[in-house]
Amino acid sequence: MSADIGVTGLAVMGANLARNLARNGYTVALHNRSVARTDSLLNSYGHEGNFVRTESLAELVQSLERPRRVLIMVKAGAPVDAVIDELLPLLEEGDIIIDAGNSFYEETRRREAALREKGLHFVGVGVSGGEEGALNGPSIMPGGSRESYQALGPMLEKIAAEYHGEPCCAWVGTDGAGHYVKMVHNGIEYADMQVIGEAYDLMRSLAGLEPAQQAGVFREWNTTDLASYLIEITSAVLEQEDELTGRPLVDVIVDSAGQKGTGRWTAISGLEVGSPVTTIAESVFARSISSQRELRAETSRVFSAGINGVVSAEELYSEQDAQQDFVEDVRKALYASKLVSYAQGFDMLTAAGSEFGWELDLRTIASLWRAGCIIRADLLDTIMKAYEVPEERPKNLLLAPAFTEALNECLPAWRRVVAAAATYGVPAPVFSSSLAYYDSLRRDRLPASLTQGLRDYFGAHTYERVDKPGTFHTRWSEDRSEMEM
Ligand code: NDP
């Protein structure tokens, strides 16, 4: 029996994608460096569909119909190159190698260019949704050539998550575009989680709302504009009691957030393509600060006098319904910060599209994230609407009427919350930086003119004038007269 697709790398993600493909009627050839994993998969789930057991990549390739489709799901980095090197002499022109792991987009660009020269298609595919998504329907963001999508797309669309009957899978752009879009998805995911954490901290530190009470708050919020998977699971985590101590689980979990690198890549790429993804960068740095536990322990002793501790909501609002008002303000601050984060993420995609020559369709990208992935949220529908009419696409999402209106509505609350955080010493880096981004964007004059003046003073870096074209320099160390360069 010849197989429709081969999967090599059968740890949790590869095994689940292979099962998903088989459950959808495809014949899947299986391979793993150590055969034990292949056998374990077949023993437990062999009955789920048509699988072909192979022990080597040569055997895997031989079992495939043409053009051959080989999906690599091994550890990102050098193992991907090792598998490609082994596959190369076994494949023929027109065959397709698919890397569905979390590879860095620059590596995907490099691999795609090298394989294209040899007449092979290399498709970097962003897959989001974790283990469960891989098995039951992930959000899929394929890159690579358009031609390869013809041979591969229908298969990926069949195993993808569905949103009202539409698959959350579409070709996003050439070479590394798929992995880039997945990377930005992960960056936004970092920011989404950070704003949730800031809201939780503010409500607990400033209004004394315990985790179990907050579970109810987040459940309520999940019926508002904030409705999303991450808000939903926040309730579940906050209401969980620790079996051992009976305390809220969130109080016994070490407050040091892990990271695997995709958030960092997004922040670095934002710097490289000149797109200010401040919310994502702040979220990555917030995780870094959380990891500095010893330093925090020491500084909390040194600077403890500066911390105001828990204050009552009445102190903040001095009204009867103070706590309720504060909670509503925090909800609005969270929503506004989230809007900024998505605006920055999509702005970054636009900048990357120009930089790398990808025709990224932002509406399509928003549509792919509506189901199967971690950042699935009602907000994505609003984003799709903003990009609906090509001629009316906003330069920045904040200029889309729905976003502008929502920000105007949230603004007073957002400012009150950021002011309270600063006044009472609760760190809210993304709430604050997203507000600063908003305030910077809406200013038609920034103090960058002074920066330019300083740069010209110490480094003769020159400046432009608002009233006439050209490049100018002031002779700072001479008679301070201006010269045109
Ligand atoms: P791992 O990243 O843990 O990788 C283990 C697999 O890689 C095993 O099959 C292993 O083979 C194989 N492997 C490692 N080194 C080599 C090598 N030099 N040559 C051949 N095979 C090698 O597996 P996961 O399933 O967790 O993740 C796979 C990919 O998916 C990664 O890129 C990961 O980042 C990504 N991922 C994506 C997620 C998502 O939500 N999209 C979630 C989790 C992961 P062996 O059994 O022989 O050791």
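Scroll up to find the structure this text is about.
Because the structure is predicted, anything quoted here is derived from the model rather than measured.

This paragraph deals with the site of the ligand. Around the ligand, the surrounding shell holds 23 residues, and the nearest of these are Ala11, Met13, Arg33, Gly101 and Asn102. Breaking the shell around the ligand down by element, the ones donating at least two residues are helix 1 (12-23), helix 4 (78-87) and strand 6 (121-128). Residues of the shell around the ligand, tallied by class, amount to 11 nonpolar, nine polar and three charged.

When two helices pack together, their arrangement is given by the angle between the helix axes and by the axis-to-axis distance. The contact between helix 9 (residues 211-221) and helix 10 (residues 229-239) brings their axes to 8 Å, and the two run at 165°. The orientation of helix 9 with respect to helix 10, classified from their angle, is roughly antiparallel. Taken as a pair, helix 9 and helix 10 cross one another with a handedness that is left-handed. Where helix 9 approaches helix 10, its residues Pro211, Ala212, Gln214, Ala215, Phe218, Arg219 and Trp221 are matched on the opposing element by Ile231, Thr234, Ser235, Leu238 and Glu239. Across the contact of helix 9 with helix 10, the residue classes break down as seven nonpolar, three polar and two charged.

Structurally, Ile253 can be placed in the loop between helix 11 (249-252) and helix 12 (262-273). Separated by 11 residues in the primary sequence, Ile253 and Asp242 have C-alpha atoms spaced 9.5 Å apart.

Okay, the nonpolar core next. Ala18, Val28, Ile98, Ala333 and Val417 are the most contacted members of the largest nonpolar core, which has 133 residues in total. Looking at which element gives the most residues to this core, the answer is helix 8 (residues 177-207), with 17 residues. Of the residues that make up this core, three or more belong to each of domain 1 (5-175) and domain 2 (182-441). Discounting residues that sit within four places of it in the chain, Val28 has contacts with Ala3, Ile5, Val7, Ala18, Leu21, Ala22, Asn50 and Phe51.

As a further point, take the sheet that holds strand 2 (residues 28-31). Strand pairing in a sheet takes place through backbone hydrogen bonds and is either antiparallel or parallel in direction. The strand order across the open sheet formed by seven strands is 3-2-1-4-5-6-7, and the pairing between neighbours is mixed. Every other strand in the sheet has two partners, leaving strand 3 (51-53) and strand 7 (139-142) as the edge strands with one partner each. Direction aside, the axes of adjacent strands within the sheet are offset by 25° on average. Bridge analysis of strand 5 (residues 96-99) against strand 6 gives four bridges, and the strand direction is parallel. Residue pairing for strand 6: Asp99 is matched across the bridge by Gly124.

What counts as what
- All chains use their own residue numbering, which begins from 1 and follows the written sequence.
- In view of the model being predicted, local features appear only for residues whose pLDDT reaches at least 70, and side-chain atom pairs are presented and counted only at 80 or more, with totals across whole chains, interfaces and linings using the full set of residues.
- We count a residue as near a molecule or strand when its backbone-placed C-beta atom lies within 6 Å of that partner.
- Strands here are runs of E lasting at least two residues and helices are runs of H or I lasting at least four, both read from the DSSP assignment and numbered beginning at the N terminus.
- Residues are grouped as follows: nonpolar covers Ala, Val, Leu, Ile, Met, Phe, Trp, Tyr, Cys and Pro; charged covers Asp, Glu, Lys and Arg; every other residue, Gly included, is treated as polar.
- Interaxial angles span 0 to 180 degrees and are taken between N-to-C directions of axes, which are lines fitted to C-alpha atoms, for helices over the stretch in contact.
- Note on angle classes: values under 35 degrees are labelled roughly parallel, values over 145 roughly antiparallel, values of 65 to 115 roughly perpendicular, and the remainder oblique.
- Helix crossings get a hand from a simple test, with the near helix turned counterclockwise from the far one by less than a right angle marking a left-handed crossing and a clockwise turn marking a right-handed one.
- Our contact criterion uses C-beta atoms placed from the backbone: two residues qualify when those atoms are within 7 Å.
- The term nonpolar core means buried Ala, Val, Leu, Ile, Met, Phe, Trp, Tyr and Cys residues held together as one set by C-beta atoms within 7 Å.
- Counting other C-beta atoms within 10 Å of a residue's C-beta gives its exposure: the residue is buried at 20 or more, exposed at 12 or fewer, and partly exposed in between, where C-beta atoms are placed from the backbone.
- Note: domain ranges come from an automatic or database domain assignment.
- Between any two strands, pairing holds if DSSP finds at least two bridges.

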